[in-house]
Amino acid sequence: MPAGLTSTFDVIPAIDLRGGRVVRLEQGDFEREAVFDSDPVARAIAFRDAGARWIHVVDLDGAVAGERRQATAVAAIVEATARTGTVNVQVAGGLRDAASIAAALATGARRVVVGTAALRHPAILIDAARRHGADRVALALDVRDGSAVGGGWIPGAPARPFRDVLGELGAAGPGTVIVTAVARDGLLGGPDLELLAGCVEATPAAVIASGGIRSIDDLRAVRAIGCSGAIVGRAIYDGRLDLRAALIALAGAGEPTG
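Residues numbered from 1 in each chain as written. Predicted model: local features only at pLDDT ≥ 70, side-chain atom pairs only at ≥ 80, totals over all residues. Heavy atoms only, no water.

Tell me what's going on with the environment of Gly-190, and back it up with residues and numbers.
Among the structural elements, Gly-190 can be located in the loop between β10 (176–181) and α8 (193–202). Along the primary structure Gly-190 and Ser-215 are separated by 25 residues, whereas in three dimensions their C-alpha atoms are 8.3 Å apart. Aside from chain neighbours lying at most four places away, what touches Gly-190 is Arg-184, Gly-211, Gly-212, Arg-214 and Asp-218. (Helix = DSSP H or I, 4+ residues; strand = E, 2+ residues; numbered from the N terminus. Contact = heavy atoms within 4.5 Å.)

What follows is the structure, encoded as structure tokens:
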């Protein structure tokens, strides 16, 4: 969506799961992990009670293993929040084939986020969008040095130029693209506006920003370039960004920009 238009904008708190706990990594590095909570369900309920419409849940163990590892915890989060009808949960990590995508959606999750499988076999993502609906499938575009990377971002993980990935999927792909600037993830240095603007221009899908968000001003900045939402993690856990205040500030149809 071009800058200057109004749109509904979602502030999406993140729950990253590793070993059943809520953690945050710096630039996806598992050696630079901070544990923030031992009860992901309670954390999800707190996000719901703050007014969040969406929660982003990542199975970090699954992202590295290539198969779902935190399925029980994910299902418990969905049961406690999404099944009340007030929260949409999107699930990422370890979704590498049609069966795992279907299983994640069967828990009641509103949307699945597919990254590595889309880089290796784009047809998996296109087929999932056709089977389940484009609005229920998102592409995880995790960008490092101009390339989309998968496999939990570990060394040797599959990588392709991100513009090639967007071009290959085109209008046949998912309705949402979640763009993460790997170099900024977990560092609270601000979003990569140039990367995000390039993605907004390159795809008809809704673009959700991720990586580096630290303030309400950052949220307004990514909305101004046409993003439909932003995922926020560490800034909430560190107390730099009050989720309820952010939701109020970005509520409604947005503000004219440009």
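Read on, since the account is not over.
Tell me about the packing of aromatic side chains, and please be specific about residues and values.
Applying the stated rule across the entire model yields one aromatic pair. Their ring planes at 65 degrees and their centres at 6.1 Å tell us that Phe-47 and Tyr-237 sit as a pair that is edge-to-face. Of the two residues, Phe-47 sits in helix α1 (residues 40–50) while Tyr-237 sits in helix α10 (residues 234–237), which places them 190 residues apart along the sequence. Per residue, the accessibility class of Phe-47 equals that of Tyr-237, and both read buried. Against the face of Trp-54 rests Arg-111, its NZ or CZ located 4.0 Å from the ring centre. (Phe/Tyr/Trp six-rings, centres within 6.5 Å; stacked < 30°, edge-to-face > 60°. Buried < 20%, exposed > 50% of the residue type's maximum accessible area, 1.4 Å probe, protein only. Lys NZ or Arg CZ within 6 Å of the ring centre and 35° of its normal.)

So, helix α3 (residues 71–80): which residues are in play, and what are the values?
Turn by turn, an α-helix covers 3.6 residues, leaving residues three or four places apart pointing in a common direction. Regarding α3, the residues found buried are Ala-73, Val-74, Ile-77, Val-78 and Ala-80. Close packing links the buried residues of α3 with β1 (10–18), α1, β4 (54–59) and β5 (88–92).

So, the environment of Val-149: which residues are in play, and what are the values?
Considering the arrangement of structural elements, one finds Val-149 in strand β8 (residues 147–149). In sequence terms Val-149 and Pro-161 are twelve residues apart; their C-alpha atoms lie 8.8 Å from each other.

If you had to explain the confidence of the model for the protein to someone new, which residues and values would you point to?
Per-residue pLDDT for the protein averages 87, and the proportion of residues at 70 or more is 88%. A low-confidence stretch, residues 1–6 (pLDDT under 50), is modelled with 16 contacts involving residues beyond four sequence positions or located in other chains. Between residues 253–258, whose pLDDT stays under 50, and residues either more than four places distant or in other chains, the model counts 15 contacts. (pLDDT = per-residue confidence, 0-100.)

Before we move on, could you go through the pattern of salt bridges and cite the residues and values that matter?
Applying the stated criterion across every chain yields a total of eleven salt bridges. Between Asp-135 and Arg-110 there is a salt bridge, with the nearest N and O atoms lying 2.7 Å from each other. In this pair, Asp-135 is assigned in the loop between α6 (122–132) and β7 (137–144) and Arg-110 in the loop between α4 (98–106) and β6 (111–114), connecting sequence segments 25 residues apart. Given the relative accessible area of 44%, Asp-135 is considered partly exposed. Using a relative accessible area of 30% as the deciding quantity, one classes Arg-110 as partly exposed. The partner of Asp-127 in a salt bridge is Arg-131, and the shortest N-O contact between them spans 2.7 Å. (Salt bridge = Lys/Arg side-chain N within 4 Å of Asp/Glu carboxyl O.)

Can you explain α6? Please cite residues and give values.
Turning to α6, its buried residues are Pro-122, Leu-125, Ala-128 and Ala-129. Along the long axis of α6, the arc covered by the buried residues comes to 130 degrees, so they all point the same way. More than 90 degrees from the buried face of α6, the exposed residues found are Ala-123, Arg-130 and Arg-131. Considering only its buried residues, α6 is in contact with α4, β6, α5 (116–120), β7, β9 (159–161) and α7 (162–169). After α6 finishes, the residue Gly-133 shows a positive phi value of roughly 105 degrees. (Arc of directions from axis to C-beta.)

Account for the side chain of Asp-142, with residues named and values stated.
Secondary-structure assignment places Asp-142 in strand β7. Within the structure, the side chain of Asp-142 is placed 3.5 Å from the side chain of Thr-180, a separation counted as a polar contact. (Polar contact = N/O pair within 3.5 Å; in protein donor to acceptor, adjacent residues only side chain to side chain.)

I'd like a description of the environment of Pro-204, backed by residues and values.
Structurally, Pro-204 can be placed in the loop between α8 and β11 (206–210). Relative accessible area serves as the criterion here: at 68%, Pro-204 is assigned to the exposed category. Spatially, the C-alpha atoms of Pro-204 and Val-177 are 9.5 Å apart, while their sequence positions differ by 27 residues.

Tell me about the packing of α7 against α8, residues and numbers included.
What describes two packed helices is the angle between their axes and the distance between those same axes. Interaxial distance between α7 and α8 falls to 10 Å at its minimum, and their mutual angle equals 20 degrees. As the angle between them shows, α7 and α8 are arranged roughly parallel. Note that α7 runs across α8; the crossing there is right-handed. Contact with α7, carried on its side by Phe-162, Arg-163 and Leu-166, involves Leu-195, Gly-198, Cys-199 and Ala-202 of α8 and no other residues of that element. (Axes fitted to C-alpha atoms, helices over the stretch in contact; angles between N-to-C directions. Parallel < 35°, antiparallel > 145°, perpendicular 65-115°, else oblique. Left-handed = near helix turned anticlockwise from the far one by under 90°.)

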